[in-house]
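For reference, the chains in residue letters:
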Amino acid sequence: MTLHLWKNFEQVVSLQGVVSKDGRKLIPSDLSIIPNGAVIFSDEAILWVGKSNNIPKQFDIDYSDSFHGHVLLPEIIDSHTHLIFGGDRAHEYAQRLNGVDYQEIAKQGGGINYTVSETNKLTYDELFSIAERRMHKISQYGIGSLEIKTGYSLNIDGEIQLCRIIHKLKEKYSPRLRIFCTLMAAHAIPPNYNHSADYIQAVAIPCLEMTAKEGLIDFVDIFHERGYFTDEDLEKIASTAARLGVALKVHADEFNDNHGAFFAAHFNAVSADHLLKVSNAGINALAQSKTVATLLPGTGLFLGKGMANARQLLDAGVKVALASDYNPGSCHYDNLLFLASIAAPSYKMNLAELWAGITFNAAGALGLMTSGAILPGFLPRFSIFKTKSFEHITYTWGENTFVQDKRYSETKV
Ligand code: NIG
Ligand code: FE
């Protein structure tokens, strides 16, 4: 077993208090910051964390490194992206600034279906290299784990191909980047179907069956929204996923309160995402469940639809994560740390809520139990920043102080 000792950090932000409260009702001290911190870990797990002047002697250290002027945090996890797509939707952004609404643009044949036609013009290799370029950029921000959704092909062969691309990326970039694949064939109804239920039956369910059996996917997701997919469609996806042992995610209560949060909690979804219009009943259902509420601040800002009521969710005891939702239509932006930094004042989140939102609670939104904190037994996956204190990271908007982990310098991403 190879052992590493990293010492002399200005701070190690362990999140011990966050973990002991399961990421709920957090106060700033739950970050459990260790000044002059150090960590000992093997390739598989963190073994010890504490002060640099208190390092236990019993470990036979193979590699030791010193990090004066640096801060150590758990790796940042972006638990919601749609980064495999062709073309762009700059023209729609312009239309919205001229007053046309997102749903109106979709009704006129734009929106997700426009990106589907652009994506379906591209080959496997073209889509693979587009996704690689986007991942490369994202990896520079301190993000170590990344969920990627399909949903811009919307036919059986195309959706399965997108899963294969994500699977290939997963293999190629492990362990430097940990990638999770979500099948989101239920993203929009293609124009050749009149009813969502017909599309679910003809495409989304067969895709789910095939990709689950082949071991290609980690999650399945559905856009549960007026004009997209109904309660019955969600029920169908949820019951098929449960039978196949695939964890569920739900795009819930984004433009309307459709009881999406309530359904997500009811079906034991790992996460309910968006929640701009979530009701009090939906919030209570989430608070009593294990389902993580994933807020996507970039989307509300990009669409001009405002921000979710984060404070109400947090105060009710909901486990809240933050993610980018990086996609061509509703948030053409990929830096989660920046989004979290600019959203926190409007969300009125304290720094424990912010950092838990992009580490430990984001891990929860991917069903991961031992990620998102720097504690014995957790995975040795970190984000290192060259800065005086962790407070400077989110204070200095847009400055990137992330430093690549030398263990991965061989892997080009
Ligand atoms: O999460 N809400 C559904 N899907 C994306 C939007 C995708 C698009 O507009 O292309 C979202 O916002
Ligand atoms: Fe999304």
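Residues numbered from 1 in each chain as written. Chains lettered and ligands numbered in written order. Predicted model: local features only at pLDDT ≥ 70, side-chain atom pairs only at ≥ 80, totals over all residues. Heavy atoms only, no water.

(A) Just the pattern of salt bridges, in detail. The final tally for this structure, using the stated rule, is 20 salt bridges. Here Lys-149 makes a salt bridge to Glu-147, at a shortest N to O gap of 2.8 Å. The residues Lys-149 and Glu-147 share a single accessibility class, namely buried. Close ionic contact of Asp-405 with Arg-407 constitutes a salt bridge, the shortest N to O distance being 2.6 Å. For Asp-405, a relative accessible area of 6% gives the class buried. Taken together, the shared-partner salt bridges connect Asp-22, Arg-24 and Lys-319 into one network. (Salt bridge = Lys/Arg side-chain N within 4 Å of Asp/Glu carboxyl O. Buried < 20%, exposed > 50% of the residue type's maximum accessible area, 1.4 Å probe, protein only.)

(B) Quick peek at the side chain of Thr-291. Structurally, the position occupied by Thr-291 is in the loop between α10 (280-287) and β12 (292-295). Within polar-contact distance, the side chain of Thr-291 engages the backbone oxygen of Ala-269 at 2.7 Å. Those residues within four positions of Thr-291 in sequence are excluded, and the remaining contacts are Ala-264, Ala-265, Asn-268, Ala-269, Val-270, Ser-271, Ala-272, Leu-286 and Lys-319. (Helix = DSSP H or I, 4+ residues; strand = E, 2+ residues; numbered from the N terminus. Polar contact = N/O pair within 3.5 Å; in protein donor to acceptor, adjacent residues only side chain to side chain. Contact = heavy atoms within 4.5 Å.)

(C) Quick look at the site of ligand 1. Neighbouring ligand 1 are 16 residues; Arg-89, Tyr-102, Tyr-152, His-187 and Ser-330 lie closest to it. Here a nitrogen atom of ligand 1 and a side-chain polar atom of His-187 are 2.8 Å apart. Within the side chain of Asp-325, one N or O atom sits 2.9 Å away from an oxygen atom of ligand 1. For ligand 1, whose unbound accessible area comes to 330 Å², protein coverage reaches 100%. The class makeup of the residues in the shell around ligand 1 is 4 nonpolar, 9 polar and 3 charged. (Near = heavy atom within 4 Å. Areas by Shrake-Rupley, 256 points an atom, 1.4 Å probe, with all protein chains shown as cover. Nonpolar A, V, L, I, M, F, W, Y, C, P; charged D, E, K, R; others polar.)

(D) Spatial organisation of the packing of aromatic side chains. Taken as a whole and judged by the stated rule, the model has 22 aromatic pairs. Residues Phe-180 and Phe-219 carry aromatic rings whose centres are separated by 6.5 Å and whose planes lie at 50° to one another, so their mutual orientation is tilted. Taken together, the residues Phe-180 in strand β8 (residues 178-186) and Phe-219 in strand β9 (residues 219-223) connect sequence positions 39 residues apart. Residue Phe-180 is classed as buried on the basis of its relative accessible area of 9%. The exposure class of Phe-219 is buried, given its relative accessible area of 4%. Ring geometry for Tyr-193 against Tyr-199: centres 5.4 Å apart, planes inclined by 75°, an arrangement best described as edge-to-face. Through successive ring pairs, a cluster of aromatic residues spans Trp-6, Phe-9, Phe-41, Phe-67 and Phe-382. Geometry around Phe-85 places Arg-134 over its ring, the cationic atom sitting 3.7 Å from the centre. (Phe/Tyr/Trp six-rings, centres within 6.5 Å; stacked < 30°, edge-to-face > 60°. Lys NZ or Arg CZ within 6 Å of the ring centre and 35° of its normal.)

(E) Spotlight on helix α5 (residues 124-139). Under the 1.5 Å per step criterion, the end-to-end length of α5 is 22 Å for 16 residues, consistent within 8% with the ideal 22 Å. All buried positions along α5 are accounted for by Leu-127, Phe-128, Ile-130, Ala-131, Glu-132, Arg-134, Met-135, Ile-138 and Ser-139. (Expected span 1.5 Å × (residues − 1).)

(F) Geometry of the layout of surface pockets. The volume enclosed by the largest pocket comes to roughly 320 Å³. What lines the largest pocket is a set of 17 residues, among which Ala-106, Lys-107, Asn-113, Gly-227 and Tyr-228 lie closest to the centre. Of all the secondary structure elements, the ones that give two or more residues to the lining of the largest pocket are α3 (102-107) and α4 (112-119). Classifying every residue of the lining of the largest pocket by side-chain character gives 8 nonpolar, 7 polar and 2 charged. Here the second largest pocket defines a volume of roughly 260 Å³. Together, 14 residues line the second largest pocket, and Asp-22, Lys-290, Lys-319, Gly-364 and Met-369 are the ones closest to its centre. Taken together, the residues of the lining of the second largest pocket break down into 6 nonpolar, 4 polar and 4 charged. (1 Å grid on protein atoms, 1.4 Å probe; cavity = no way out; pocket = protein on both sides within 12 Å on 5 of 7 lines; lining within 4 Å. Points joined across faces, edges and corners; volume = space filled by probe spheres on them.)

(G) Region of interest: the coordination of the iron ion (ligand 2). Distances from the iron ion (ligand 2) to its protein donors, namely His-80 (NE2), His-82 (NE2), His-251 (NE2) and Asp-325 (OD), fall within the range 2.1 to 2.2 Å. The exposure class assigned to Asp-325 is buried, which follows from its relative accessible area of 1%. (Donors = N, O, S within 2.8 Å, 3.2 Å for Na, K, Ca; no water.)

(H) Up close: the environment of Leu-301. Inspection of the secondary structure assignment puts Leu-301 in helix α11 (residues 297-303). Owing to a relative accessible area of 46%, Leu-301 belongs among the partly exposed residues under this scheme. The spatial distance from the C-alpha of Leu-301 to the C-alpha of Asn-155 is 31 Å, given a sequence separation of 146 residues. Sequence-distant contacts of Leu-301, that is, excluding residues within four places in its chain, are made with Gly-306, Met-307 and Ile-342.

(I) Representation of the pairing of strand β2 (residues 33-41). Bridge count for strand β1 (residues 4-13) against β2 is 7 bridges, and the pairing is antiparallel. Within β2, the position partnered with Phe-9 by the bridge is Gly-37. Summarising the sheet, β2 and strand β3 (residues 46-51) pair through 5 bridges and their orientation is antiparallel. Looking across to β3, one finds that Ile-40 is bridged to Trp-48. (Pairing = 2+ DSSP bridges.)

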